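Listed below are the residues making up each chain.
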Amino acid sequence: MNERAALYASSLYAVGAESGAEKEIYEDLCMVKELFDENRDYKKLLNSVQVPLEEREKLIDEAFSGVLGEYSLNFLKILAKKRIYDIWSDCFKEYEKLYFKDAGIERAKIVTAVVLDEAKKEEIVNKISASLGKTVLADFVLDKSIVGGIVIETATSSIDASVKTKLESIKRYISK
């Protein structure tokens, strides 16, 4: 992790936590991330030496005034002023890490060989949440190569209950 990004993100998080706006800022940053992911050239423009600071701030205001909160908007302007948008992704990741830690949220990647209906997905997420004692944000991934079963990966643990892994284990046992 970029130390400078960690410093900027932790400073933004501290300001947000002090004012009770950490969730609002996180939601703002998610929206900005989505925009930057869809429009990579926009981020380059905000970082450009050829574009004067006043113009970069104007671009930010036009795109985000009335959409983002004050702290998020000012954060974007600081990155533009210092021309350090190259650390944006690391700032987002670090802010998310801090927010998730304090809010008791954990991401989970859940891999299955078949498409699950919403009720089954909710059941799995609820079981993982209960097990971790945290709110779980799940990303479901379809991977037919696991044959069956489920693979659950979080930042703190990994459970591989796939048929593929069980078959590989049996194969290793037999070949000894």
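Residues numbered from 1 in each chain as written. Predicted model: local features only at pLDDT ≥ 70, side-chain atom pairs only at ≥ 80, totals over all residues. Heavy atoms only, no water.

### Details of the layout of surface pockets
To find the voids left in a structure, one rolls a probe of water-molecule size over its atoms. Reported here for the largest pocket is a volume of approximately 230 Å³. Every residue lining the largest pocket is listed: K93, E96, K97, F100, K101, I105, E106, R107, K134, A155 and T156. Broken down by secondary-structure element, the contributors of at least two residues to the lining of the largest pocket are α6 (88-103) and β1 (105-112). Examining the composition of the lining of the largest pocket, we find that 5 residues originate from one element, α6, more than from any other. (1 Å grid on protein atoms, 1.4 Å probe; cavity = no way out; pocket = protein on both sides within 12 Å on 5 of 7 lines; lining within 4 Å. Points joined across faces, edges and corners; volume = space filled by probe spheres on them. Helix = DSSP H or I, 4+ residues; strand = E, 2+ residues; numbered from the N terminus.)

### A closer look at the pattern of salt bridges
Pairing between side chains becomes possible if they bear opposite charge and their charged atoms approach one another. Applying the stated criterion to the full structure yields 9 salt bridges. Among the ionic pairs, K97 bridges to E94, the shortest N-O distance being 3.4 Å. With a gap of 3 residues between them, K97 and E94 both fall in helix α6, about one helical turn apart. K97 sits in the exposed class, given a relative accessible area of 52%. A relative accessible area of 9% places E94 in the buried class. With a shortest N-O distance of 3.3 Å, K127 and E123 are connected by a salt bridge. On the criterion of helical spacing, the pair formed by K127 and E123 is a turn pair, its members being 4 residues apart in helix α7 (residues 118-132). Using a relative accessible area of 56% as the deciding quantity, one classes K127 as exposed. A single salt-bridge network, built from bridges that share partners, covers K120, E123 and K127. (Salt bridge = Lys/Arg side-chain N within 4 Å of Asp/Glu carboxyl O. Buried < 20%, exposed > 50% of the residue type's maximum accessible area, 1.4 Å probe, protein only.)

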